[in-house]
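Results of the structural survey
Take a look at the letters that make up each chain.
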Amino acid sequence: MTTRREFVETAGAAGIAFVACNLASAAPVQAQGRRREVVVNGRRVKTIDVHAHCAVPEAMALMGRKVEPQTLLMPQPLDRIRAMDEQGIDVEALSINPYWYKADREVARELIKIQNEKLAEACAANPDRFVAFASVALQHPELAAEQLEEGVKKYGLRGAGIGGSVNGEDVSDPKFNPFWAKAEQLGVVVFMHPQGDGAAADLKGRLKGSGGLDNTIGNPLETTIALSHLIFEGTLDHFPGLKICAAHGGGYLPSYADRSDAICTTFPNRCTTPLKKKPTEYLKQLYFDSLVFTPEALRHLVAVAGAGQIVMGTDYPYPWTKTSVDHILSTPGLSDDDRIAILGGTAAKLLGIKA
Ligand SMILES: [Zn+2]
């Protein structure tokens, strides 16, 4: 049976072929890198991709893991920059999917130190093209808070990348409050990406077979559960200044958000934690990436959360899309200001990038 990890790695291998293939077939001038510049109503927009994966092999070695696919590597970012240039992406905010949540405190401390140093080096090598989210050992919440502070203050990282769950525990569990408190205090964004060993693993038996459902459904479901708990357990009331950005358009939550209000009116005894506002209103303080594929899906996401809450995300190097910019440009009903905000204006503010 294909595990999610194998599936992702297969998809990633296709990503290498995809990039290489494009270059091989392109005219020499393109192969040398023609950079697409995105303009909205005569104004050059600095476009920012908040959902871009990478890997640090020196850190992975501490957990006995190897990097797959190679396009995740940063020391030679030529393929990555070429892909960005072709797609009209000026800046990537790099993140690393947590694979270290089972590491003990000492391994986690060392691994994150190496990883955040290397992320900072990768950004420093191309400071106008890359920023990065700090990695943190969320299984040790106090340590994660320290690592976030060090990542931001010492290494110039712009926030944290976390999973949608931590070894089966939801990130709304009060044990994680030291991390949330630090993120709120620092005023930095937390990019939340589903864990392969989260909801998809819990439902392994149901998600096997054709369609790659562990990825297709499992990933957005993991995010849906994580965000729902952050709302219903009162975490977002407890830390109202949090800036959380959810991958994959927030999973299924925005597309069926009204049910979250309906549960509280239909079965009020099921909503045991008093909330300061209706569940759907919290979606207007969360951020979501734009990886929802169609203009209609993006229109709906904007209708639910507000144009100011959506930021561009590609999932590089996994080849889900190479038309994120065009998706945003072609979605009907958006104003020029909306498009500029989604393409990069909002992310620039969240990540401290000069627009
Ligand atoms: Zn991703």
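So, how was this worked out
Residues numbered from 1 in each chain as written. Predicted model: local features only at pLDDT ≥ 70, side-chain atom pairs only at ≥ 80, totals over all residues. Axes fitted to C-alpha atoms, helices over the stretch in contact; angles between N-to-C directions. Helix = DSSP H or I, 4+ residues; strand = E, 2+ residues; numbered from the N terminus. Parallel < 35°, antiparallel > 145°, perpendicular 65-115°, else oblique. Left-handed = near helix turned anticlockwise from the far one by under 90°. Contact = placed C-beta atoms within 7 Å. Nonpolar A, V, L, I, M, F, W, Y, C, P; charged D, E, K, R; others polar. Pairing = 2+ DSSP bridges. Right-handed = clockwise from strand over helix to strand, strands pointing away. Buried ≥ 20, exposed ≤ 12 C-beta atoms within 10 Å, placed from the backbone. Expected span 1.5 Å × (residues − 1). Bend = angle between axes of the 7 residues up to and from the residue. Core = buried A, V, L, I, M, F, W, Y, C linked by C-beta atoms within 7 Å.

Moving on: the packing of helix 6 (residues 141-153) against helix 7 (residues 177-186). Between helix 6 and helix 7, the least distance of the axes is 7 Å, while the angle of their chain directions is 20 degrees. What the angle tells us is that helix 6 and helix 7 run roughly parallel. In the crossing of helix 6 with helix 7, the sense of the turn from one axis to the other is right-handed. For the pair helix 6 and helix 7, the contacting residues are Pro 141, Glu 142, Ala 144, Ala 145, Leu 148, Glu 149 and Val 152 in the first and Pro 178, Phe 179, Lys 182, Ala 183 and Leu 186 in the second. Residue composition of the contact of helix 6 with helix 7, by class: nine nonpolar, no polar and three charged.

This paragraph deals with the pairing of strand 11 (residues 243-246). As judged from the four bridges shared by strand 10 (residues 189-193) and strand 11, these two strands associate in the parallel manner. Bridged to Phe 191 within strand 11 is Cys 245. As paired strands, strand 11 and strand 12 (residues 287-289) are joined by two bridges and run parallel to one another. Residue Ala 246 lies in a different strand from strand 12, and its bridge partner there is Phe 288. The parallel pair strand 11 and strand 12, bridged by helix 12 (residues 258-266), forms a crossover whose chirality is right-handed.

Moving on to the sheet that holds strand 11. Sheet strands pair by backbone hydrogen bonding; their relative direction is either parallel or antiparallel. Read across the sheet, six strands follow the order 6-7-10-11-12-13 without closing on themselves; strand pairing throughout is parallel. What marks the edges here is a single partner per strand, and that holds for strand 6 (134-135) and strand 13 (310-311). As defined by bridge partners, strand 12 adjoins strand 13 across two bridges and the pair is classed as parallel. Within strand 13, the position partnered with Phe 288 by the bridge is Ile 310.

Here Trp 180 is to be found in helix 7. On the basis of neighbour count, Trp 180 is assigned to the buried category, with 24 C-beta atoms found within 10 Å. Between the C-alpha atom of Trp 180 and that of His 238, which follows or precedes it by 58 residues, the distance is 9.4 Å. Sequence-distant contacts of Trp 180, defined by excluding residues within four places in its chain, comprise Thr 235, Phe 239 and Leu 242.

It helps to recall that an α-helix has 3.6 residues per turn; residues three or four apart then point in one direction. Taking 1.5 Å as the rise per residue, helix 15 (residues 336-351) with 16 residues should run 22 Å; its terminal C-alpha atoms sit 21 Å apart, in good agreement. Along its length, helix 15 reaches its greatest deviation from straightness, about 65 degrees, at Ile 342.

Moving on, we come to the nonpolar core. Core analysis: the largest hydrophobic core is formed by 97 residues, its most contacted members being Ala 93, Ala 132, Val 136 and Cys 245. Top contributing element to this core by residue count: helix 15, with eight residues. Leave out the neighbours within four places in its chain, and Ala 93 touches Ile 48, Asp 49, Val 50, Ala 52, Val 131, Ala 132, Phe 133, Arg 158, Ala 347 and Leu 351.

A sheet is described by the order of its strands in space; here three strands give the open sequence 3-4-5, paired in parallel fashion. Of all the strands in the sheet, just strand 3 (48-53) and strand 5 (130-132) have a single pairing partner and so form its edges. Adjacent strand axes in the sheet meet at a mean angle of 30 degrees when their direction is disregarded. Taken together, the three bridges between strand 4 (residues 91-95) and strand 5 define a ladder with parallel strand orientation. Bridge pairing in strand 5 links Leu 94 to Ala 132.

We now examine unusual backbone geometry. Omega for the peptide link from Glu 68 to Pro 69 comes to -10 degrees, which places this bond in the cis form. Residue position: Pro 69 is located in the loop between helix 3 (57-60) and helix 4 (78-87). Following Tyr 316, the chain continues into Pro 317 via a peptide bond in cis, with omega recorded as 5 degrees. Relative to the elements of secondary structure, Pro 317 occurs in the loop between strand 13 and helix 14 (324-330). The backbone of Asp 315 shows a phi angle near 75 degrees, a positive value even though the residue is not glycine.

The buried fraction of strand 3 is high, at six of six residues. Sheet topology note: the strand 3/strand 4 ladder contains four bridges and is parallel. From the neighbouring strand, Ile 48 faces strand 4, where its bridge partner is Val 91.

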